[in-house]
Amino acid sequence: MPDTTLGELLARNARYVDGLPQGYFDDVEDGQEPAAVSVCCSDSRVSQEGMWAVEDPGWLFTPSTIGNQVWDRHDGDLVVDGSVLYPIVHTDTRVTVVVGHTGCGAVTAALEATREGLDAPPGIEKWVELLVPVVESALAASTPTEAWGSSTSSSSTTSTARSRSCATATISPTTRTSSGSSTTSRACTAMSADGPIW
């Protein structure tokens, strides 16, 4: 694992600022009207701006959540998370993309929770618990061999749950994309167990 310090981070920021062209933020200094919202999992491995080849500030709104979820619980009901909803409501952004990825720790934790329960800090537990019904639904829809069969390794089982939960746990209010471009990241639609959330 790489090491760093606050001093190194500040030095990196200084190099970044020094490399910006004059007037880089002028067009967005007083507000933003992003062309798209891109929701990713809270993860260190994929840059949202890099994924979409974005070079201009203000073009992409980039919320991230554990398990790339776009819902939250409010007064017992599932609602669209405010970090996703804000640009749609307040900046008139009309394109939203939800991006999943393989090896998602949140989906893996939700799968393990269906078998062994969940032991995590409250701030993590909340988000994993939101995924558990989705994973349970995916497992119920799988054949016994797909879900638990002896010929299926644990990694394959986890992968099945990941791919199915990606298709059901996230939402895109303007786009319904059920397949993706690579094993690293995948744009996916989302519906709740009862149908579209949006």
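Please read all numbers here as calculations on a predicted model, not as lab measurements.

*Asks:* What should I look at first to understand helix 5 (residues 122-141) in this one?
*Replies:* Its 20 residues place the ends of helix 5 29 Å apart at the C-alpha level, agreeing with the 28 Å of an ideal helix rising 1.5 Å per residue. In the structure, helix 5 departs most strongly from a straight axis at Val132, where the bend amounts to approximately 25° and where the proline Pro133 lies between one and four residues downstream. Listed in full, the buried residues belonging to helix 5 are Trp127, Val128, Leu130, Leu131, Val132, Val134, Val135, Ala138 and Leu139.

*Asks:* Please clarify how the nonpolar core should be interpreted in this entry.
*Replies:* Nonpolar side chains in soluble globular proteins generally cluster together in the buried interior. Cys41, Cys104, Ala106, Val107, Ala110, Leu111, Ala113, Val128, Leu131, Val132, Val135 and Leu139 together form the largest nonpolar core, which totals 12 residues. Among the secondary structure elements, those contributing two or more residues to this core are helix 4 (105-116) and helix 5. Grouped together as the second largest cluster of nonpolar side chains are 8 residues, Val39, Val70, Ile88 and Val98 included.

*Asks:* Can you help me understand the side chain of Gln69 in this one?
*Replies:* Examined against the element boundaries, Gln69 turns out to sit in the loop between strand 3 (64-65) and strand 4 (71-74). A polar side-chain atom of Gln69 sits 2.6 Å from a polar atom in the side chain of Trp71.

*Asks:* Would you take a moment to explain the side chain of Asp72 for this structure?
*Replies:* Structurally, the position occupied by Asp72 is in strand 4. At 3.0 Å, the side chain of Asp72 forms a polar contact with the side chain of Lys126. Not counting residues up to four positions away in its chain, the partners in contact with Asp72 are Asp77, Leu78, Val79, Asp81, Lys126 and Trp127.

*Asks:* Help me understand the pairing of strand 4 in this model?
*Replies:* Consecutive residues of a regular strand have side chains that alternate between opposite faces of the sheet. Here 4 bridges tie strand 4 to strand 5 (residues 77-80), and the two strands are oriented antiparallel to one another. For Arg73, the partnering residue across the bridge sits in strand 5 and is Leu78. What sits between strand 4 and strand 5 in their antiparallel hairpin is a turn of 2 residues, with Asp75 showing a positive phi close to 50°.

*Asks:* Quick question: what am I supposed to make of the pattern of salt bridges here?
*Replies:* Close approach of charged atoms allows side chains with opposite charge to pair. Under the criterion given, the structure shown has 4 salt bridges. Its salt-bridge partner being Asp43, residue Arg45 comes within 2.7 Å of it at the nearest N-O pair. Looking at Asp43, the relative accessible area reads 32%, which means it is partly exposed. When the shortest N-O distance is used, the salt bridge between Arg94 and Asp92 registers 2.7 Å.

*Asks:* Would you mind going over unusual backbone geometry with me for this structure?
*Replies:* Of all residues except glycine, most have a negative phi; of all peptide bonds, most are trans. Positive phi is not limited to glycine here, since Asn68 has a value of about 45°. You can see Asn68 is positioned in the loop between strand 3 and strand 4. The backbone of Asp92 sits at a positive phi, close to 65°, despite the residue not being glycine. Along the chain, the position of Asp92 falls in the loop between helix 3 (82-90) and strand 6 (95-100).

*Asks:* Quick question: what am I supposed to make of a nonpolar patch on the surface here?
*Replies:* A cluster of nonpolar side chains, namely Leu6, Leu9 and Leu10, defines an oily patch on the protein surface of about 330 Å² accessible area. With respect to the helices and strands, Leu6 occurs in helix 1 (residues 6-18). Here Leu6 falls in the exposed class, since its relative accessible area comes to 61%.

Here is what the cut-offs are and how they apply
- Residues numbered from 1 in each chain as written.
- Predicted model: local features only at pLDDT ≥ 70, side-chain atom pairs only at ≥ 80, totals over all residues.
- Heavy atoms only, no water.
- Helix = DSSP H or I, 4+ residues; strand = E, 2+ residues; numbered from the N terminus.
- Expected span 1.5 Å × (residues − 1).
- Bend = angle between axes of the 7 residues up to and from the residue.
- Buried < 20%, exposed > 50% of the residue type's maximum accessible area, 1.4 Å probe, protein only.
- Core = buried A, V, L, I, M, F, W, Y, C linked by side-chain atoms within 4.5 Å.
- Polar contact = N/O pair within 3.5 Å; in protein donor to acceptor, adjacent residues only side chain to side chain.
- Contact = heavy atoms within 4.5 Å.
- Pairing = 2+ DSSP bridges.
- Salt bridge = Lys/Arg side-chain N within 4 Å of Asp/Glu carboxyl O.
- Patch = residues over 30% accessible without salt bridge, like charges linked within 9 Å, V, L, I, M, F, W, Y side chains within 5 Å.
- Areas by Shrake-Rupley, 256 points an atom, 1.4 Å probe, with all protein chains shown as cover.

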